[in-house]
Amino acid sequence: MTLYGEDDPNIRKCIRHGPVAHSRRNVYPPSANTPKISNNIKHLSFVWEMGSTIVTMLRLRRPTTLLWGFGLCLLLLFYVTVPSTNTDQCDCRGHQRAVTSSAFIGQSQQEDIRSYPNDKHKMAILIPFRDRFEELLEFAPHIHNFLNTQHKNHHLYIINQVDGLRFNRASLLNVGFLESGIDCDYVAMHDVDLLPMNAALTYQYPHDGPYHVAAPHLHPRYHYPTFIGGILLVKREHFRKVDGLSNKYWGWGLEDDEFFARLKEAKLEVFRPGNLTSGTKDTFKHIHDRRVRRRDMIKCYNQQEITRHRDRQTGLSTIRYRLQSKKEMTIQGAPMTILNVELECDRYVTPWCDCTENIGNTPKSQQSSPKSDDVIVPRLNRKKHLSHDG
Ligand code: UDP
Ligand code: MN
């Protein structure tokens, strides 16, 4: 069901800074069912009252009352069968017609929706996001259809960073984990610009250990052996076990390598697809033009030195954020939850969350050096491990 047209400019409003629906600080688990319950009670009492009026009229058995009774029956039938319009979920002004079917509204809130009863699991697809609207328009219907073909229960969560700080992919994934429905027993950490093209790629529940779908021998750009970025499936238990991802990575790069170090330390083996007939050129579509979507590679303060090393201080347990608003939306039949998130930055710990004041590194002499065996930076052979894609 397409509720928003692709060319509708109001979708952007919903994704970006929509009016505040509710806000809270790191509340888990989410609960927002109260208005829905009171609505249902109102509906039930209306139907009950209509029914008893009709019964009384039919008892009188006069021709005019019979006619009235018949009319009221029709009205009741209409009321019961036509789905109610619920505009609570997206309060973007002038766009309230957008959410019209109560069948899927608040899918993330109606905790136990399973499209495929044979699949005993459900995946929360966590998409860290900021200013990638064109990619989302293509990604959402593609991944939804791809997973429906595989009969995989899933729900999309777009974790949209709306503060003025540098982009923090890892922290957004921590937020997505906390805010996604607890009916989802595993998560996919999924880039919005990476589309699976080979139907043989599977997104199954990662029983034994994290499953890296965008494996180095398949990813269009990154081919080093310890690469785990792009698309990684992790079951909730394992994500908690390693305390999620570090919150120290503001700007582009290394947050996935730090996560690899966490998995390794927790002795979690990473599994990957084998026996595919496609390779780096045709397994995924990477919608990324580096001139249009520039990677934020700036380093300021002592970012360079600190983020080269394993972080044992921050993660899922220390994330601080404000959920500015939460909205339900569909794009070409793909339902999703948009989480508009303001991350908080402790400027004593990670002053590089904002490099506008200080472009440049703290001199080496003023930096403390963590243990050298904690280095998480992969050794790259540019020719072998990097393709010029995107
Ligand atoms: N991303 C985003 N906005 C940004 C930067 C990154 O939404 O400004 C998200 C998006 O999901 C993207 C992912 O982070 O696919 C990884 O970033 P990017 O594509 O720049 O990294 P690459 O893997 O191509 O080096
Ligand atoms: Mn990319």
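Treat the numbers as computed from the prediction; the structure is a model and nothing was measured. (Residues numbered from 1 in each chain as written. Chains lettered and ligands numbered in written order. Predicted model: local features only at pLDDT ≥ 70, side-chain atom pairs only at ≥ 80, totals over all residues. Heavy atoms only, no water.)

**Student:** It is not clear to me how the coordination of the manganese ion (ligand 2) should be interpreted in this structure. Could you clarify?
**Tutor:** Tetrahedral coordination by four donors places them ideally at 109.5 degrees to one another around the metal; octahedral coordination by six donors ideally gives 90 or 180 degrees. Ligation of the manganese ion (ligand 2) by protein atoms is provided by D193 (OD), H286 (NE2) and H288 (ND1), these donors lying 2.1 to 2.3 Å from the ion. As a motif over one chain, the donors of the manganese ion (ligand 2) read D-x92-H-x1-H. A residue pair is termed long-range when its members are at least 10 positions apart, and D193 in the loop between β3 (186-190) and β4 (194-196) and H288 in the loop between β7 (284-286) and β8 (300-301) qualify at 95 residues. Residue D193 shares its accessibility class with H288, and that shared class is buried. (Donors = N, O, S within 2.8 Å, 3.2 Å for Na, K, Ca; no water. Helix = DSSP H or I, 4+ residues; strand = E, 2+ residues; numbered from the N terminus. Buried < 20%, exposed > 50% of the residue type's maximum accessible area, 1.4 Å probe, protein only.)

**Student:** How should the confidence of the model for the chain be read in this particular structure?
**Tutor:** Predicted coordinates in areas of low pLDDT are best not read in detail. Considering every residue of the chain, the mean pLDDT works out to 80; 68% of them sit at 70 or more. Every residue in residues 17-42 scores below 50 in pLDDT, and together they form 52 contacts with partners more than four places removed in sequence or on other chains. For residues 80-112, every residue scores under 50 in pLDDT, and the model assigns this stretch 67 contacts once sequence neighbours within four places are set aside. (pLDDT = per-residue confidence, 0-100. Contact = heavy atoms within 4.5 Å.)

**Student:** Hey, could you run me through the nonpolar core in this one?
**Tutor:** Most often, soluble globular proteins keep nonpolar side chains buried together rather than apart. In this structure, L126, M189, F239, F259, V341 and L343 are the most contacted members of the largest nonpolar core, which totals 38 residues. Elements represented by at least two residues in this core include exactly β1 (123-129), β2 (154-161), α5 (169-179), β3, β6 (231-235), α7 (255-265), β9 (321-331) and β10 (334-343). Among the elements that make up this core, the one with the highest residue count is α5 (six residues). With sequence-adjacent residues up to four places away left out, F259 is seen in contact with M189, I228, L232, V234, F239, V242, G244 and L245. Formed by 35 residues, the second largest nonpolar core is a distinct cluster that contains F139, I143, F146 and I331. (Core = buried A, V, L, I, M, F, W, Y, C linked by side-chain atoms within 4.5 Å.)

**Student:** Would you take a moment to explain the state of the cysteines for this structure?
**Tutor:** Put plainly, two cysteines are in a disulfide when a covalent bond ties their sulfur atoms together. Evaluated as defined, the whole model comprises two disulfides. Disulfides within the chain link the bonded cysteines, taken in sequence order, as 1-4, 2-3. (Disulfide = S-S within 2.5 Å.)

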